Amino acid sequence: MATLDSKIPAGPVAEKWTNYKAHQKLVNPANKRRLDVIVVGTGLAGASAAASLGEMGFRVFNFCIQDSPRRAHSIAAQGGINAAKNYQNDGDSVYRLFYDTVKGGDYRAREANVYRLAEVSNSIIDQCVAQGVPFAREYGGMLANRSFGGAQVSRTFYAKGQTGQQLLLGAYSALSCQVNAGTVKLYTRYEMMDLVIVDGRARGIIARNLVTGKLERFAAHAVVIATGGYGNAYFLSTNAMGCNCSAAMQCYRKGAYFANPAYVQIHPTCIPVHGDKQSKLTLMSESLRNDGRIWVPKKKEDALKLQKGEIQGSDIPEEDRDYYLERRYPAFGNLVPRDVASRAAKERCDAGMGVNNTGLAVFLDFSESINRLGIDIVLQRYGNLFDMYEEITDVNPGELAKEINGVKYYHPMMIYPAIHYTMGGIWVDYELQTTVKGLFAIGECNFSDHGANRLGASALMQGLADGYFVLPYTIQNYLADQITVPRFSTELPEFAEAEKNVQDLINRLMNIKGKKSVDSIHKELGHVMWEYVGMGRTEEGLKIGLQKLKEIRKDFENNLFIPGTTEGVNIELEKALRLNDFITMGELIAYDALNRNESCGGHFREEYQTEEGEAKRDDENFFYVACWEYQGSDDKAPVLYKEPLVYEAIKVQTRNYKS
Amino acid sequence: MDKNISFKLRYWRQNGPKDKGHFDEREMKDIPGDTSFLEMLDILNEELVSEGKEPFVFDHDCREGICGMCSLYINGTPHGKTERGATTCQLYMRKFKDGDTITVEPWRSAGFPVIKDCMVDRTAFDKIIQAGGYVTARTGQPQDANAILIPKQDADEAMDCASCIGCGACVAACKNGSAMLFVSSKVSQLALLPQGRPEAARRAKAMVAKMDELGFGNCTNTRACEAVCPKCESIANIARLNREFIAAKLND
Ligand SMILES: Cc1cc2nc3c(=O)[nH]c(=O)nc-3n(C[C@H](O)[C@H](O)[C@H](O)COP(=O)(O)OP(=O)(O)OC[C@H]3O[C@@H](n4cnc5c(N)ncnc54)[C@H](O)[C@@H]3O)c2cc1C
Ligand code: SF4
Ligand code: FES
């Protein structure tokens, strides 16, 4: 087994990062030119890391599966990015952002990492502004903020409803500048296929050129993966179609531990599923919860009429509406964290109060805020989201529906929870290094900062913190010992063997020649995951789930059909290779969920809840990071190791959003 | 509820940049109106694969109108005809009628060679950005973000210019295959912000030179680009680029 040393620096939590930076090893400029780094991924984490490393003088090879780095999935983030600037003078501070993130994560994150994240958050905003990211501003010319779930201060910076796009374009421009300077070489439409390990250290990758279909070898002194989350294991999610967990699974199979896979975030405000032809779900930004109120009918008969399409939401008068979040959580109301909001929606729908034809939707209503603020202000804030909603559903939430007793009612949106983000990921230490030496993981694909639940606007913060401000320092501590290591040849037997294994896998899948398309099997996988490993988990359900996942693996291996050849573009082959890894990922999620006999954050085990239906944590037995080790075959169950959590600065409490 | 529709789909097949290419046809039956255009193509592909045929290849990823990946030329218009600016992935089948013929082609432009079917190579756009579409800002310790005050109006305008998703519809719509709307949007975003001013002249020259070098055509003000841009970029950006460019040349 690899050692689980989290390498947390000594000293009080507020001084750890400063201490670390003061004592870490650095690489001098002449040596940097001789060191190569592979960065897989060009999202916020990958692009910012590649740009920063290139700028420092390392030679960087940067890979992505899209045709351009600018199209990484980070581009789709809408809401915003947190920072502890306290520009609003509402009492924010690094400590408070740290505290909120730890609490929001249900006390399952590593304190030292989260503190560092909060500490560098302010530099991110400064950096992005210097790059020309057009954040929203107030009339006085200062930066504007909004509030997000899980916080009582207004600390979220945003660029219309396109914050991820603007931040990514900022990182992309920094990256482009380095490409122009010759320090970064880009490989677009390339997919990582395996990690190459030489003498126990990560020394390269095998990648497939998605245009020619050829496998190619790349060597470097260190490998950084920044390949995003694994939400698409559920088939339907808010993730982009190409999001995958293959690179993470390749690293896992090569010895990197996978931490907390069960922590999957379900986002409360997505457009409900409409049919079986759907290929992905659309998120409506959480910022809508600032001014929108979530409700279902109080009376069952109203819900039934809604489900049959006999009445509309706007037909139900104020007194018959149940604003259940405001009722259950008076202090935070509609702004409770995502896991709490999602479960509350499921609870109401399970009680038969769902408002659409499937019974799996609740209302998000802007009548009150339009009446209070006027339609112009509401449109200024949410106009593009309303447009997007109308484009998809043909309903305009800013349109007056009717007046009852002098009160104006607007068409409410319908929303329902969907898989959105994955807190779990490759285990990393304080330096963001995995259990494989020389292999680093950043951004959503690591497990580091969000514990059991991520707060809104914190993923963008983490991706950029990792890429601009953390990895560029910590990786030097590793590379400083590598300066005498000459560049590697890709002719080494380790590269040949890794390439052959990939080729064998491709041939095997091509030769199954069964009857089922990749998507049809992926849909079955998604169904099993949502049903048994989804929002409400039970021991019994998870066991059934694991059984069904084994059947899906068998189905995949015996009945898969991939048309075409291995040469040139073959989109079915690409998807099949990813599905192979999603199945393994699905099992890993189920194993972890089964092991964790408690409810915390995004992981809810129905056996462990209070009488009021709130999650019941078990700090005595589960105050640890669950780290899973691969056992040499996808058919074998992984083995669990525990990294105990140590809290020095924060007192662990029951999460309370009621008062 | 939306009705189901049936229609004839003609879709472009081309095996690499050298292949001549041709249309394949298929009758699509009972497609629900709330299916997105790309979900309709998913259905097509499920059918093709179930018949042992190769699927129809097209680019897509976010399916939310933001990544700029989707790029289909539908019934003679890039991204198809939608009421307001929208991308291919934001087009819904309810916009079509029962019995329609729907023709799907790739972006056709010298700057964007076809890779396969409707998937084209748009790396030229990256090269143009690499030539100078950025503010050279070292990672590290920049000044406090609020030290640069930017009037809301300027910030909003820069944001509008920055909304470009790099899809290339503007090039596909232009009879000259010009990339001016794309280039001018980036130049405008940075020219409008104080952070972008120091390099403004160099940026405009470098990006325009790269665009010319990569085989994109000239702008003759036909405004076809503006009409199809899913992010409603304005040709006022092109005028601004021209001003920046002329000023830069005068200072040479
Ligand atoms: C709809 C939506 C809205 C969101 N809104 C917000 C928000 O408002 N605020 C917030 O903080 N967070 C938000 N998030 C979460 C946040 O966007 C993501 O967690 C974050 O962007 C992930 O960034 P990343 O750099 O880790 O990975 P990604 O952006 O997912 O990038 C992954 C990169 O890896 C590459 N890649 C993947 N696999 C391979 C492979 N095998 N070989 C080569 N390359 C590969 C891809 O090409 C891509 O470049 C949102 C997420 C979604 C889905
Ligand atoms: S200017 Fe408009 S049409 Fe052209 S690339 Fe940008 S978003 Fe697409
Ligand atoms: S698929 Fe991303 S813009 Fe259409």
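Residues numbered from 1 in each chain as written. Chains lettered and ligands numbered in written order. Predicted model: local features only at pLDDT ≥ 70, side-chain atom pairs only at ≥ 80, totals over all residues. Heavy atoms only, no water.

Colleague: Outline the domain arrangement of chain B, supporting the account with residue identities and numerical values.
Modeller: Residue and element names in this part refer to chain B. Looking at chain B, the domain boundaries give domain 1 (4-115) and domain 2 (123-250). On a C-alpha basis, the centres of domain 1 and domain 2 stand 29 Å from each other. Domain 1 puts 16 residues into the contact, and the matching count from domain 2 is 19 residues. Here domain 1 and domain 2 share an interface that buries about 1200 Å² over both sides, 65% of which is from carbon and sulfur atoms. Counting the contacts that link domain 1 with domain 2 gives 2 residue pairs in polar contact (both at pLDDT 80 or more). Tallied by class, the residues present in the side of domain 1 that touches domain 2 amount to 8 nonpolar, 8 polar and no charged. (Domains from an automatic or database assignment. Contact = heavy atoms within 4.5 Å. Buried area = accessible area lost by both parts, 1.4 Å probe. Polar contact = N/O pair within 3.5 Å; in protein donor to acceptor, adjacent residues only side chain to side chain. Nonpolar A, V, L, I, M, F, W, Y, C, P; charged D, E, K, R; others polar.)

Colleague: Talk me through the pairing of strand E8 (residues 215-219) of chain A; I want residue IDs and the actual numbers.
Modeller: Residues and elements named next belong to chain A. Two elements, strand E7 (residues 201-209) and E8, share 5 bridges in a ladder whose sense is antiparallel. Across the sheet, residue Ile205 finds its bridge partner in E8, namely Phe218. Once E7 ends, the chain turns through 5 residues before running back antiparallel as E8, passing Gly213 with a positive phi of about 85°. (Pairing = 2+ DSSP bridges. Helix = DSSP H or I, 4+ residues; strand = E, 2+ residues; numbered from the N terminus.)

Colleague: Requested: an account of the domain arrangement of chain A, with residues and values cited.
Modeller: Residues and elements named next belong to chain A. Here the domain parsing of chain A yields domain 1 (268-418) and domain 2 (493-616). Each of domain 1 and domain 2 has a C-alpha centre, and the two are 32 Å apart. At the junction of the two partners, domain 1 supplies 11 residues and domain 2 supplies 12 residues. Buried area between domain 1 and domain 2, summed over both chains or domains, comes out near 760 Å², and the portion from carbon and sulfur atoms is 54%. At the junction of domain 1 with domain 2, the criterion picks out 2 salt bridges. In this structure, Arg328 engages Glu614 in a salt bridge whose closest nitrogen and oxygen atoms are separated by 3.2 Å. On the surface where domain 1 and domain 2 come into contact, there are 3 residue pairs in polar contact (both at pLDDT 80 or more). Elements with a minimum of two residues in the side of domain 1 that touches domain 2: helix H10 (338-350) and strand E17 (413-422). Broken down by element, the residue count for the side of domain 1 that touches domain 2 peaks at 4 residues, all from H10. Looking at the side of domain 1 that touches domain 2 residue by residue, the class counts come to 4 nonpolar, 2 polar and 5 charged. (Salt bridge = Lys/Arg side-chain N within 4 Å of Asp/Glu carboxyl O.)

Colleague: Outline the sheet that holds strand E20 (residues 624-629) of chain A, listing residues and values.
Modeller: What links the strands of a sheet is backbone hydrogen bonding, and the strands pair in either a parallel or an antiparallel sense. Residues and elements named next belong to chain A. The strand order across the open sheet formed by 4 strands is E18-E10-E20-E21, and the pairing between neighbours is antiparallel. Each end of this open sheet is capped by a strand with a single partner; those strands are strand E18 (425-426) and strand E21 (639-644). Taken together, the 2 bridges between strand E10 (residues 258-259) and E20 define a ladder with antiparallel strand orientation. In the sheet register, Ala259 faces E20, and the bridge partner there is Cys627.

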